[in-house]
Amino acid sequence: MTNNMRALISITNARNYGIIQLKNESDHYDGRIVKVQGKDLVHFGNCSYLGLETHDAVKLGGIDALTRYGSLFASSRQYIGLGLNEELEALLDNITGYHTLVTQTTTLGSISAIPVITSSNDLIIVDHQLHASVQNAVKIAQAQGTQVVMLRHSNMTLLEEYIKQYQNKHEKIWYMADGLYSMLGDGCPIEQMYEFMDRYPNFYCFVDDAHGMSWIGENGKGYALSRKPLHQQMVMVMSLAKGFGCCGGVLVFPTPEGRDLVRCIGSSLIFSGPIPTPVLGACIASAKLHLTNEIVTRQNLLYGLIKYFRQQAYAHNLPLMNHTFSPIFYFGAGSENNAHHIVKKMQEAGFFTCICNFPAVPKKNAGIRICLTTHLTFEDIDNALTCMAEIVSSLENEGKLDKDKIYQSFRALEVL
Ligand SMILES: Cc1ncc(COP(=O)(O)O)c(C=O)c1O
């Protein structure tokens, strides 16, 4: 059976269960509640971690740009664009401390950068859990002749073996990883990646820190940059569509030359239209907030919720698979059927959570992802975890869920 067939079966099953491809029926949105089939659900699937998508300043930024410039500036930036793009990039340079380039989406950021920064003499080592959008960009590089190998998730021993094995056969060796993994919520082993970049002059990293942006680091510069300054042998892509509360992607380069190369020949910079004007206005307003104390207040609020969630998840002895202090929590379910059942029962009890099934994760690692945002309350967390604990415990009593087996299957993947 092909992977497409497997994915279709998995997704059709979840759809028939009524837990994916849902519609928020409400005529407004506050970030906390969604209405599904007439029922209000507390939203634990929202990746706008700092709640900025409903911030008045962000909304007004969008309205102001819309009023002044209309809904669209219909030209490729290669010809001419609104000065709002450069204004946003200047703010993002300040936030990250490096040379940024905005793209219409994070996916298009990777697709524009990777085929340009790599060459057919390079080797790309792809982490097994690398986000699909970067893997797609890698396929373009592969079609240009770049060799590609897979790496077991975050396995640094194996990574060093690859570097040693290939360092004299390739001009550059790239390791491509997520900063904060979007499904399992674990961080990339940044310390060791830096050690290797220091030790091996032709070892480079491309890091997709879409989910790390905003909720951590000074001015919300993200998970990876909060740990280490950008390495000279590193390029990053981050998202304006998660914690940043808007839409779009941002590439981060250690040098102006690197940025300029992708600005000139990155495919979406040439062949695609710009970020829609109202979104650019909202992005600028959000970026300005990132440079104020408000971001610190929101980061602290979120951190309090994260700490409380972890503590309560452990207290309920739930099968939590990642142990990072991030707003993404992953619970193993043991099977796709169990995962469907848990998400459905949570929904019936008033909580929206995300099913994680094939192709997003391997079948045996099916589970439930919960995202925290500053829209949520401590009481929401209490209620949701108490509910999940009851569902999990009844599955255990029926002999359908075995926590030890779940922990083992995740250990085998080395995802923690
Ligand atoms: C880690 C990661 N990278 C990239 C993307 C794609 O982002 P965009 O929708 O901006 O293309 C996502 C989307 O959810 C993601 O989780």
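Residues numbered from 1 in each chain as written. Predicted model: local features only at pLDDT ≥ 70, side-chain atom pairs only at ≥ 80, totals over all residues. Heavy atoms only, no water.

### A few points about the overall build of the protein chain
Check the secondary structure of the protein chain and you find 15 helices and 13 strands. For a compact globule of 416 residues, the expected C-alpha radius of gyration is about 22 Å, and the protein chain comes in at 21 Å, within 12% of that figure. When the 416 residues of the protein chain are sorted by exposure, 57% land in the buried category. If you take every contact in the protein chain between residues at least 6 apart in sequence, the share linking residues at least 24 apart comes to 74%. (Helix = DSSP H or I, 4+ residues; strand = E, 2+ residues; numbered from the N terminus. Rg over C-alpha atoms; globule rule 2.2 N^0.38 Å. Buried < 20%, exposed > 50% of the residue type's maximum accessible area, 1.4 Å probe, protein only. Contact = heavy atoms within 4.5 Å.)

### Thoughts on the sheet that holds strand 12 (residues 354-356)
Read across the open sheet, the three strands follow the order 10-13-12; overall the sheet is antiparallel. Each having just a single partner strand, strand 10 (328-332) and strand 12 make up the two edges of the open sheet. Direction aside, the axes of adjacent strands within the sheet are offset by 30° on average. Bridge analysis of strand 10 against strand 13 (residues 367-371) gives five bridges, and the strand direction is antiparallel. (Pairing = 2+ DSSP bridges. Axes fitted to C-alpha atoms, helices over the stretch in contact; angles between N-to-C directions.)

### Focus on the pattern of salt bridges
Per the stated rule, a full pass over the model turns up 15 salt bridges. For the salt bridge of Glu89 with Arg77, the shortest nitrogen-to-oxygen distance reads 2.9 Å. Within this pair, whereas Glu89 is found in helix 3 (residues 83-96), its partner Arg77 is found in the loop between helix 2 (56-69) and helix 3, the two being separated by twelve residues in sequence. Take Arg77: its relative accessible area is 8%, and that puts it in the buried class. Residue Glu336 is joined to Lys363 by a salt bridge in which the shortest nitrogen-to-oxygen separation is 3.4 Å. Of the two residues, Glu336 is situated in helix 13 (residues 336-348) and Lys363 in the loop between strand 12 and strand 13; the sequence distance between them amounts to 27 residues. What makes Glu336 buried here is its relative accessible area of 9%. One salt-bridge network, in which partners are shared between bridges, spans Arg77, Glu86, Glu89 and Arg259. (Salt bridge = Lys/Arg side-chain N within 4 Å of Asp/Glu carboxyl O.)

### Considerations on the domain arrangement of the protein chain
One frequent convention defines the size of an interface as the accessible area lost when the parts assemble. Partitioning the protein chain into domains gives domain 1 (3-53 + 293-413) and domain 2 (54-290). Each of domain 1 and domain 2 was reduced to a C-alpha centroid, and the two centroids are 27 Å apart. Contact with domain 1, which involves 32 residues of that partner, is made by 29 residues of domain 2. For the pairing of domain 1 and domain 2, the buried interface totals around 2300 Å² over both sides, and the portion due to carbon and sulfur atoms is 60%. (Domains from an automatic or database assignment. Buried area = accessible area lost by both parts, 1.4 Å probe.)

### Focus on helix 2
Between its terminal C-alpha atoms helix 2 stretches 20 Å, which fits the 20 Å expected from 14 residues at 1.5 Å a residue. Those residues of helix 2 that sit buried are Val58, Gly61, Gly62 and Ala65. For helix 2, the arc enclosing every buried residue in end-on projection is 95°, short of the 170-degree limit, so these residues lie on one face. Helix 2 presents Asp56, Leu60, Thr67 and Arg68 as exposed residues on the side facing more than 90 degrees away from its buried surface. Close packing links the buried residues of helix 2 with helix 3 and helix 11 (277-290). A positive phi of about 85° marks Gly70, the residue just after helix 2. (Expected span 1.5 Å × (residues − 1). Arc of directions from axis to C-beta.)

### As for the site of the ligand
Near the ligand, the surroundings consist of Thr105, Thr106, Thr107, His131, Ser133, Asp178, Ser182, Asp208, Ala210, His211 and Lys242. One of the side-chain nitrogen or oxygen atoms of Thr107 is found 2.5 Å away from an oxygen atom of the ligand. For the ligand, the protein covers 81% of the area, taking 400 Å² as the surface of the free molecule. Of the residues that constitute the shell around the ligand, the class distribution is one nonpolar, seven polar and three charged. (Near = heavy atom within 4 Å. Polar contact = N/O pair within 3.5 Å; in protein donor to acceptor, adjacent residues only side chain to side chain. Areas by Shrake-Rupley, 256 points an atom, 1.4 Å probe, with all protein chains shown as cover. Nonpolar A, V, L, I, M, F, W, Y, C, P; charged D, E, K, R; others polar.)

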